[in-house]
Amino acid sequence: MQTPALRRRCIVAAGLAGAACVAMPALQAQEKPEKTRLTLAVGGKATFYHLPLTIAEQLGYFKAEGLDVVVEDHAAGVHAMQAVLAGAADIGAGPFEAMVVLRNRNQSYQAFVLQGRAPQIAMGVSTRTLAQYQGLANLRGRSIGVPASSTSAQMVAQLLLARAGLRPQEARLVGVGTGAEALATLRAGELDAMCNTEPVMTMLEQHGDVRIVADTRTLKGSQALFGGNMPAACLYASTAFIASHPRTCQALAHAIVHALKWLQTAGPGDIVRTVPENYLLGDRALYLASFQKVRDTISPDGLVPDDGGATALRTLASFDPEIDGTRIDPAKLSTNVFARKAKERFKL
């Protein structure tokens, strides 16, 4: 029999997704998470990069798995990672390539469920300050806006600069966040280019503020840039936490994969009714246009692609001399044990 609280959740979910909500059976003792109250650190939660996390939180999927998850939103993924490393957060939500950086520092962390299978990042040059742009070499001596240091957008920017033959110090990377500040800074003429996530890049593009010159907002574009499948947003934890809290990690994976399943059939109206109003940045139509651009990059099942670890390692090693690819095993950057079980449970 459904409780009143569960009936209310079912009514909300049915109204959003147009589908019936079926009561989940009570968790058996052996299935209950070892730790039910968790702190999850994320950077830039309002972006589409972390949309599955937002859906899982907004629709009560964490609670349905017996979890009380406190989501702490930081200015950037690197700050969220620092919270995890300091023990202030149990779980991180951030870029997959951070696993390479951590392993390179002899810190054992793993991704255990994937939110996105491409970074959803685009590089655009300002139509105001770089109207005569002819190639990436024109960025020498210029200012490029990124969400913050040590983000996926910075990785993409550094990769593109390196391929254009530019050294890191030959362009200035400026942290501008992932929201209204990023829009305002470029439109004020303070930047010559922007390398950022959605919905910022579509908003700049559709208003004619930038000309897109590199794009990972589609799976095809991402594969072309990275030469393989480049995993993006993921949930991660230390291997020690994963080993000692397998049921907790399984519950988290169930919640995220449940959100991924919901997103497969959700319509535009469902999305805007579910995310907080401030995520729309004052323009609902452009927000939805941004969603359509990145929709195929959202993971269909939470699984890290077989070549994902190798692609991430190869990419970072190509421009960062501090990354020693010879002593990092790509297979140890992630585990699909939890996502695979969640995929079976939700019949994906």
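This structure is a prediction, so every number in the text was calculated from the model and none was measured.

Here the focus is the overall build of the chain. Scanning the chain from terminus to terminus reveals 15 helices and 10 strands. Against the compact-globule benchmark of 20 Å for 348 residues, the chain has a radius of gyration of 20 Å, which places it among compact chains. Here the chain, with 348 residues, has 55% of them falling under the buried criterion. Summarising the internal contacts of the chain: among those between residues at least 6 apart in sequence, 80% fall at separations of at least 24. In the structure as shown, the chain presents an accessible area of about 14,500 Å², 51% of it carried by carbon and sulfur atoms. Charge separation in the chain, taken as the distance between the mean sites of 35 positive and 29 negative side-chain charges, equals 4 Å.

The next point concerns the sheet that holds strand β7 (residues 172-175). With mixed pairing, five strands are arranged side by side in an open sheet as β7-β6-β8-β5-β9. Across the chains shown, the open sheet's two edge strands, defined by having one partner strand only, are β7 and β9 (210-215). Averaged over all pairs of adjacent strands, the angle between strand axes in this sheet comes to 25 degrees, irrespective of strand direction. Looking at chain direction, strand β5 (residues 122-126) and strand β8 (residues 193-196) are connected through four bridges and run antiparallel. Paired with A122 across the bridge in β8 is N196. Running at roughly 165 degrees to β8, helix α7 (residues 180-187) makes contact with β5, β7, β8 and β9 of the sheet.

Bringing helix α14 (residues 308-319) into the picture now. Helix length check: α14 (12 residues) gives 18 Å between terminal C-alpha atoms against 16 Å at 1.5 Å per residue, within 8%. Turning to α14, its buried residues are G308, G309, T311, A312, L313, T315, L316 and F319.

What follows covers the environment of G179. Within the secondary structure, G179 sits in the loop between β7 and α7. The class of G179 is buried, set by a relative accessible area of 18%. The spatial distance from the C-alpha of G179 to the C-alpha of S152 is 16 Å, given a sequence separation of 27 residues. With sequence-adjacent residues up to four places away left out, G179 is seen in contact with V200 and L281.

Here the focus is the pairing of strand β10 (residues 233-238). Counting buried residues along β10, six of its six residues qualify, which places the element largely inside the surrounding structure. Across four bridges, strand β3 (residues 91-95) lies against β10 in antiparallel orientation. Within β10, the position partnered with P95 by the bridge is A233. Pairing between strand β4 (residues 109-114) and β10: five bridges, direction antiparallel. By the bridge assignment for β10, A111 is matched with Y236.

Reading the values: rules and limits
- Residues numbered from 1 in each chain as written.
- Predicted model: local features only at pLDDT ≥ 70, side-chain atom pairs only at ≥ 80, totals over all residues.
- Heavy atoms only, no water.
- Helix = DSSP H or I, 4+ residues; strand = E, 2+ residues; numbered from the N terminus.
- Rg over C-alpha atoms; globule rule 2.2 N^0.38 Å.
- Buried < 20%, exposed > 50% of the residue type's maximum accessible area, 1.4 Å probe, protein only.
- Contact = heavy atoms within 4.5 Å.
- Areas by Shrake-Rupley, 256 points an atom, 1.4 Å probe, with all protein chains shown as cover.
- Lys, Arg positive; Asp, Glu negative; His and termini not counted.
- Charge placed at Lys NZ, Arg CZ, Asp CG, Glu CD.
- Pairing = 2+ DSSP bridges.
- Axes fitted to C-alpha atoms, helices over the stretch in contact; angles between N-to-C directions.
- Expected span 1.5 Å × (residues − 1).

Don't take any of this as a statement about function, it's just geometry.
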